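Each chain, written out:
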Amino acid sequence: MPATKFGSAASLLAAALALGSTSAVLAQEPPLEAQASRTANFDIASQPLAQALTAFGRQSGVQIAVDTAAVAGKTSGAVSGTMTVEQALRQLLAGSGLTYQFTSANAVTVAGAAPGPGSSAVQLDPVRVQASAPPPQAEIGNLPPPFAGGQVARGGKVGLLGNRDFMDTPFSETTYTERYIQDQQARTLTDVLAGDPTVRLGWPNGNVFDDRAMIRGIFVTNPNYGLGGLYGIVPGQADTTGVERVEVFRGPSAFLNGALPSAVGGTINLVPKRATSEPITQASALYLSDAQLGGTVDIGRRFGPDQSVGLRANATYTSGDTAVNNQTAERLALTLGFDFRSDATRIDGDIGYLRRDVGAFQGSIFLAAGVQLPAPPYAARSSYQPWERLQADDLYGALRFEHDIAPWLTGFIKVGAKRANISTIFLNQNIVNYSGNTTTLSAGNFLQNTEVLSAETGLRGIFNTGPIKHEAALVGDYMKTQIWSFNNPLTIPTSSSIYNPTFIAAPSLFGLRNNAPLTSDSILSSIGLVDALSAADDRIQLIVGARAQRLQNANYSAVTGLPTSGNDKSVVSPSASFVVKPTKEFMFYGNYIQALQPGPVAGPGTTNAGQTFAPFVTTQFELGAKVDFGTLAATLSAFQITIPSAFTDLSTNTFVVDGQQRNRGLEFVVFGEPLPGLKLLGGFTLLEAIQTTTAGGLNNGKVAVGTAPFQFSLGADWDTPFAKGFGVMGRVVYNGQVYLNAANTQAAPPWTRFDAGLRYTFEGPQHKPLTVRANVINLFDANYWVATTAFFAQNQPRTFMLSLTADF
């Protein structure tokens, strides 16, 4: 996009913000010396007192420590209007018999007159300590609080709009919390998303290439995953070490998050852990079947007279035999997070390292043309060769800077980078008959190195013009990705079976190329301008904006090093959305998003691996409704997305783009704690993904490859009332039939999986908690095919996970 367009966009926002500064009613007053006398706008409904105090902390910017026994079973009063923090707290606690005490300028403790011996004071939300609360337009230190039950948060980052409550967001999203991640014993992003009713995973477990996921019937891969809002720098197979939250955003997001490699189905953002007001020293011993042992360490501290500097270090190591025969896995993850807070400036940064080494890793299985897919083999009995191997390491980091130019205006800069290396020895099996016999489709030693530089900068402000509140932002982003890749083909004739595999000697790698040439170079850049206009106490919201995008990419020959193809395309993409709240509990929303997306890339193992196709424009229409009853919430959304139809042609093992794909669907997500101690999380997706305008009209109207017409999941987590500290979990996941070819003549059948778990928390030495967790994935050891594209893989067998976590 020409620089003049980018410059004009910047001038427009600068003029708007300048006008707002002269005539607007500022959204936030300058910080006062004591939080107790600071004025804020409150809107807290009568509800369970613990939840009301969480809302109070979010709206006031004050850290809340509460005596859990004292607030149990109590209901808050309603608080509404502009008043001091102390006045609001008095109203909230009126009639409860509780007392409060400001322990510092930005912290308050709520307790009963005489706490019982079994009571304990816990902080609501891991709030970051800082000299004063950040303004509402800031991102750093402004995480939305957890929703009832603590498994998901009330909101998350919505691209250039910043952090928003889910009831103010005209899109569908779910934010999984640290508590959910820990109770599920989720080691990888794949584990976190295993129960999401709108997501299906492309690989069965964490011992494969990446965390590819299917959202709204469209592939989303790791380059579209963010770390603290910076995209492209997440490791090739994301580990949850050092991750506090996982934010899942559904639908095209190029307007919100900038030009990404392929963010049509949605995006996922990982929120790094930060040091909290209380010191953290936690260690866990881990066991995973069959014989994987390891542990984790989590240490957090704050420093300085006002605790303005924080450090959070995390480490995980596991090694041993997995639940799949002949498979071994070793994983080392290290992260270090840093943050600094002052009255007007906030800085945080992260650095991480991830190393993986998987023997007999589970790669792709293909199906010969005209053959019906046979029944899956026993999941624990691998048909993969013992010498197949995946080795990968990722070094990544990010630095973010925020400064409040004025109480209503914040500027920010983010920079991140990643260097990733991967090496595999693979053999792609090709099923040639219904009896499950296989031959070699392709084999090789695949090498790939990736370097990414990602940056974002902009302004975000909140101001009023008369009765209208504006939340405006001007954001520019840049992502440069270079890929060096090469496949050393191996000639390995085999005649085997998925039921009774024949294992052969490992091939010799002598004389093979051990470095990879540059095969792809891309630069994605954009500037986005948005204004969220609100009226009637935010009950009516209109969000309008546009993003100027430029996508540049070049492909190079792995043999000659010369350019083979490339693209340079620019477009201005508009977006409009709305929120209407008839009552505080109900909201209706709609959105229209149009965005330029890079073309799909042929994956490893295909004959044209690494080829990048031409960019395309995608369009989404979405209408939805949300409810928030305080203890239970839900989102219902209907959407339509149009994209090019891309799949692997099994007859030639070539990745192709043929015609257009139109995805129409209905999503339902529910979460919360409808009864004390009982937490629910689940929903369903109905999807009609149809091929249109295919070559010669041959496959028009047929179901798109890899998409399921129906998927469902429901998880329940119960803190039992009869045994203090004892919890029970259960989950069911269903996935419908998936077609493996464009002609819809080959399909993978539907499947159902059950998971379960137990946990027990008790008091250990020095009155610190000890927690034992036991989880089972695939409780009944079901066998099924995992298919989200033309190729597929064996599912994860029954896997036991056991951990002992201690706080010191």
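> Describe in detail the overall build of the protein, supporting the description with residues and values.
Each helix and strand in the protein was counted, giving seven helices and 44 strands. The 808 residues of the protein split such that 58% are buried. Taking all contacts inside the protein whose residues are at least 6 apart in sequence as the whole, residues at least 24 apart take part in 68%. For the protein, the computed accessible surface area is about 29,800 Å², with 61% contributed by carbon and sulfur atoms.

> Got a sec to walk through the environment of A790? Specific residues and values, please.
Looking at the secondary structure, you find A790 in the loop between β42 (785-787) and β43 (792-794). Owing to a relative accessible area of 0%, A790 belongs among the buried residues under this scheme. With 85 residues separating them along the chain, A790 and V705 place their C-alpha atoms 6.4 Å apart.

> Requested: an account of the packing of helix α2 (residues 49-60) against helix α4 (residues 85-93), with residues and values cited.
One can describe the packing of α2 onto α4 by two numbers: an axis separation of 11 Å at closest approach and a directional angle of 170°. The angle between α2 and α4 falls in the class roughly antiparallel. Contact residues: α2 offers L49, A52, L53, F56 and S60, while α4 offers V85, A88, L89, L92 and L93. Here the contact of α2 with α4 is built from residues that sort into nine nonpolar, one polar and no charged.

> Please provide a residue-by-residue account of the packing of aromatic side chains, values included.
Scanning the model with the defined rule gives 18 aromatic pairs in all. Between F366 and F791, the aromatic rings sit 5.5 Å apart at their centres with planes inclined by 55°, giving tilted as the arrangement. You can see F366 sitting in strand β22 (residues 365-367) and its partner F791 sitting in the loop between β42 and β43, a full 425 residues away along the chain. For F366, a relative accessible area of 3% corresponds to the buried category. You can call F791 buried: its relative accessible area is 11%. Ring pairing ties together the aromatic residues F668, F684, F710 and Y734, which thus form one cluster. The lysine or arginine in question, R212, covers the ring of F219, its NZ or CZ lying 5.8 Å from the ring centre. The ring of F639 carries the charged tip of R216 above its face, separated from the ring centre by 4.2 Å.

> Please provide a residue-by-residue account of the pairing of strand β31 (residues 586-597), values included.
When strand β30 (residues 563-580) meets β31, the two strands line up antiparallel, connected through six bridges. Residue pairing across strands places S575 opposite I593, the latter belonging to β31. From the end of β30 to the start of β31, which pair antiparallel, there are five residues. Across 12 bridges, β31 lies against strand β32 (residues 616-628) in antiparallel orientation. What sits directly across from Q594, in β32, is T619.

> Mind laying out the pairing of strand β5 (residues 107-111), listing which residues take part and the relevant values?
Counting buried residues along β5, four of its five residues qualify, which places the element largely inside the surrounding structure. For strand β2 (residues 63-67) and β5, the ladder comprises four bridges, and the chain directions are parallel. The residue bridging V66 from the neighbouring strand is V110, located in β5.

> I'd like a description of the nonpolar core, backed by residues and values.
As a rule of thumb, nonpolar side chains are buried together in soluble globular proteins. One finds Y176, L189, L193, V246, I268, L270 and F671 to be the most contacted residues of the largest nonpolar core, which totals 47 residues. Sequence-distant contacts of F671, defined by excluding residues within four places in its chain, comprise F147, V152, F166, T631, L632, A633, L680 and L681. Membership of the second largest hydrophobic core comes to 29 residues, among which are I365, A368, A708 and F792.

> How would you explain the environment of S277 if you had to name every residue and give the values?
The topology assignment puts S277 in the loop between β16 (266-272) and β17 (280-288). By relative accessible area, which is 12% here, S277 ends up buried.

> Please provide a residue-by-residue account of the sheet that holds strand β12 (residues 218-220), values included.
In a beta sheet, neighbouring strands are held together by backbone hydrogen bonds and run either parallel or antiparallel to one another. Taken in spatial order, the three strands make up an open sheet running β10-β11-β12, and their pairing is antiparallel. Both outer strands of the open sheet, β10 (199-201) and β12, are each paired with one neighbouring strand and no more. Looking at each pair of strands side by side, their axes are set apart by 35° on average, direction ignored. In the sheet, β10 pairs with strand β11 (residues 213-215) via three bridges, with the strands oriented antiparallel.

> Explain α4 residue by residue, including any values.
Of the positions making up α4, those classed as buried are V85, A88, L89, L92 and L93. One face of α4 carries all of its buried residues, which in axial projection span an arc of 125°. Just downstream of α4, G95 is the residue with a positive phi angle, here 80°.

> Please set out the environment of Q737 residue by residue, giving values where relevant.
Along the polypeptide, Q737 turns up in the loop between β37 (726-735) and β38 (738-739). Using a relative accessible area of 34% as the deciding quantity, one classes Q737 as partly exposed. Remark: the alpha-carbon pair of Q737 and Q711, spanning 26 residues in sequence, is separated by 9.5 Å. Engagement of the side chain of Q737 in a polar contact is seen with the side chain of Y739, the distance being 3.4 Å.

> How would you sum up the confidence of the model for the protein? Please name residues and give values.
Detailed reading of the predicted model is not advised wherever pLDDT is low. Chain-level pLDDT for the protein is 87 on average; 90% of the residues reach the 70-or-more range. Every residue in residues 1-35 is under pLDDT 50, and counting partners more than four places away or in other chains gives 54 contacts. For the stretch residues 114-131, pLDDT sits under 50, and the model shows 49 contacts to residues farther than four places along the chain or on other chains.

Criteria and cut-off values
- Residues numbered from 1 in each chain as written.
- Predicted model: local features only at pLDDT ≥ 70, side-chain atom pairs only at ≥ 80, totals over all residues.
- Heavy atoms only, no water.
- Helix = DSSP H or I, 4+ residues; strand = E, 2+ residues; numbered from the N terminus.
- Buried < 20%, exposed > 50% of the residue type's maximum accessible area, 1.4 Å probe, protein only.
- Contact = heavy atoms within 4.5 Å.
- Areas by Shrake-Rupley, 256 points an atom, 1.4 Å probe, with all protein chains shown as cover.
- Axes fitted to C-alpha atoms, helices over the stretch in contact; angles between N-to-C directions.
- Parallel < 35°, antiparallel > 145°, perpendicular 65-115°, else oblique.
- Nonpolar A, V, L, I, M, F, W, Y, C, P; charged D, E, K, R; others polar.
- Phe/Tyr/Trp six-rings, centres within 6.5 Å; stacked < 30°, edge-to-face > 60°.
- Lys NZ or Arg CZ within 6 Å of the ring centre and 35° of its normal.
- Pairing = 2+ DSSP bridges.
- Core = buried A, V, L, I, M, F, W, Y, C linked by side-chain atoms within 4.5 Å.
- Arc of directions from axis to C-beta.
- Polar contact = N/O pair within 3.5 Å; in protein donor to acceptor, adjacent residues only side chain to side chain.
- pLDDT = per-residue confidence, 0-100.

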